[in-house]
Amino acid sequence: MDAARYATLFLSESREHLTEVDDALLALERDAAHANAAATGAHIATVFRGVHTIKGMAAAMSYAAVEQLSHALESRCEPLRSAEEALSGDVLALLFDGTDLLRAAVDAVPRGHTELTSSMRAFVQRLGSVAAVDDAGANVHAIADAPEVIPDVPSDAVGTARQVDVRLTADCPLKGVRAMIVLAKLSALGTLRGAEPAQERWQDDLFDGAFRLTLQSSASDDEITAAAQSAGDVARVAVTLARPTPAQGSARVTDAPRTVRLDARRLDTLLDLVGELVITRDRLLRAIEQSDHPDRAVVRAATDAARLVATLQDEVLQARMLPVAQVFDRFPRLVRDIARDLGKDVRFTMEGREIELDRSLLDAIGDPIMHLLRNALDHGFEDADTRRAAGKPASGELILRAARDRATVVIQVQDDGRGIDRDVVLRRAHEQGLVQEQITTLADDALLQLVAHPGFSTARSVTSISGRGVGVDVVNTRVRALGGQIDLETITGEGTVFTMRLPLTLAIMRALLVQVGGDTYAIPAAHVMEVLEFHGASRSTGALTITVRDETVPLVALQQRFEDDPLAPAVANPDGVRHVAIVEVAGRRTALLVDALLAQQDIVVKPLDAVRGARPWFSGATVLGDGSPALIVDVSSVA
């Protein structure tokens, strides 16, 4: 067996278990003062199971550092689990430290570092545990050279051939590896003559841990049973006499899997191919529309193909959707550690963990969220005495929230701290020459532009957490690169809310194609509320507006906005009719004036590398059915 094939699976499963261990430790720390014995016992059991499972997987893969650390942690949890010892703050801190070292050991595996470091060895000694290798680990080296199964049982050898049915435990990690350990154990007793299912299938997601081996051996049934069980994680062993079998045994039928593990790069490739299909579909439909006498059979085939492409597109996009919990769950431990380092008491709450987002976006939002959380902990929250003096609870509240808003996902970081002091920001901006001296007040949008300016910080000293003026700048840059927007609301003395609005996917979107100044642009359809004919505008407090059903809506002429020239002439349709697209972003409605409406269709979003210093009017680009490019309007910037 090629153990390297299991390395990725080991990493993903170990990290999932470490997240569960972290959550249980955080719950123990949070509820230490008022938790009942049953709840405490349940959390300790979760920690024990997590490190025990990681130990078993590490032993199966010969990762000595991970195995010995998890064994030491497991041994330290045993008296807590059996209620022989009460949980104390010192022991809890020890378990937190051990979990950090165990995570470091897991993360070091891809670099080939599988032995204990000096700090890890010191920690094992500190626990007073003997990190010995268990039976499964002691024999794991036999996996790499596991014996081959020799097919068929000779008819004259029935008296010494046994049929060994093995079922692994339901929670056994890396079942294929454990099955190979069983095979190695039994091979020491004789010659293996058959395996069902075949060894190759043990590495599939279909493999459920039940398999049958045919062993030719002079060992007794009890000896065979003991050898198989010594591999660990074996729930049942049944040994019977074997009967002659044909060369081709029947494969055991298994239930269809509900989920399979898939390399994310395959999904990326599949999405790229679907994007090209969408472009080709649009070209085909456009060619048919421009044909004077299209063949009916061709039209029907093209229509069916377009429908199938749309269905395929939806399925591929849905397959890429993952809950934001996969990113959110890494932050409770981060918040806890930073808050302790800063000497602040903070309650951290997560909402909307089930909200789904495209995998590529999910991978990209981790850093922006981390920066906003660190910013809130360092700049936002006061110390306990200051909060009490202001009439607030001594413990601050930090909320990480996700929610759906039409075709976008809204992610908020909210704190009930001191808020952003506009006077301090303005004074600092004056010192750095970022605003004119006559400006004495800052609205939320102007405040955001300043705190997101590269290098801008109100901190007077640089710490390991903040002070370099890169946090909000990184968030703003990353979110806009993802086709989203960031908003800021703050009230001095009450708190701050940072809101990130992101598209559900970066790949394919529905768009309204419009013509402005002779060029074609795409407006994301998710923001378009309605389209109306333009019959003139009025001016209110210096700004152009139109009236839509007794509601006054601000008007933005896109040609003038794109050319950055308020006097730029507008280009009308040949028939003189122009239109406005009523768009809505964050509850604000704006009318976008365009020269002509062209079509509404799905577009494949391509990244746009904007020139440094350019206006942020566009979030990406696309290729239309006729092969011409079009820029995608960033509605949040122009509205």
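I will try to describe carefully the structure that is included in this document. Quick caveat: nothing in here was measured; it's all calculated off a predicted structure.

Our next topic: the packing of aromatic side chains. Throughout the structure, instances matching the rule amount to four aromatic pairs. A ring pair is formed by Tyr521 and Phe618, whose centres lie 5.8 Å apart and whose planes are at 10 degrees; its orientation type is stacked. Of the two residues, Tyr521 is situated in strand E13 (residues 519-524) and Phe618 in strand E21 (residues 618-623); the sequence distance between them amounts to 97 residues. Of the residues examined, Tyr521 reaches a relative accessible area of 9% and is grouped as buried. Seen in terms of ring centroids, Phe562 and Phe618 are 4.9 Å apart; in terms of plane orientation they differ by 50 degrees. Their pairing is tilted. Of the two residues, Phe562 is situated in helix H18 (residues 558-562) and Phe618 in strand E21; the sequence distance between them amounts to 56 residues.

Orientation of helix H4 (residues 89-108) relative to helix H5 (residues 118-127), taken along the N-to-C sense of each, is 145 degrees, at an axis distance of 11 Å. Here the hand of the crossing between H4 and H5 comes out left-handed. Where H4 abuts H5, its residues Leu94, Asp97, Gly98, Leu101, Ala104 and Ala105 lie against Ser119, Met120, Phe123, Arg126 and Leu127. Partitioning the contact of H4 with H5 into residue classes produces seven nonpolar, two polar and two charged.

Another aspect to go through is the side chain of Gln412. Among the structural elements, Gln412 can be located in strand E9 (residues 408-415). With relative accessibility at 19%, the residue Gln412 sits in the buried group. At a separation of 3.1 Å, a polar atom in the side chain of Gln412 contacts the side chain of Thr499. Not counting residues up to four positions away in its chain, the partners in contact with Gln412 are Ile399, Leu400, Arg401, Val497, Phe498 and Thr499.

Another aspect to go through is the packing of helix H15 (residues 422-431) against helix H16 (residues 444-451). H16 packs onto H15 with a crossing angle of 55 degrees between their chain directions and a minimal axis gap of 11 Å. Taken together, the axes of H15 and H16 are oblique relative to one another. Seen from above, H15 lies across H16 with left-handed handedness. Taking contact as the criterion, the partners of Arg422, Val425 and Ala429 in H15 are, on H16, Asp444, Leu447, Leu450 and Val451. Broken down by class, the residue content of the contact of H15 with H16 amounts to five nonpolar, no polar and two charged.

About the cut-offs
Residues numbered from 1 in each chain as written. Predicted model: local features only at pLDDT ≥ 70, side-chain atom pairs only at ≥ 80, totals over all residues. Heavy atoms only, no water. Phe/Tyr/Trp six-rings, centres within 6.5 Å; stacked < 30°, edge-to-face > 60°. Helix = DSSP H or I, 4+ residues; strand = E, 2+ residues; numbered from the N terminus. Buried < 20%, exposed > 50% of the residue type's maximum accessible area, 1.4 Å probe, protein only. Axes fitted to C-alpha atoms, helices over the stretch in contact; angles between N-to-C directions. Left-handed = near helix turned anticlockwise from the far one by under 90°. Contact = heavy atoms within 4.5 Å. Nonpolar A, V, L, I, M, F, W, Y, C, P; charged D, E, K, R; others polar. Polar contact = N/O pair within 3.5 Å; in protein donor to acceptor, adjacent residues only side chain to side chain. Parallel < 35°, antiparallel > 145°, perpendicular 65-115°, else oblique.

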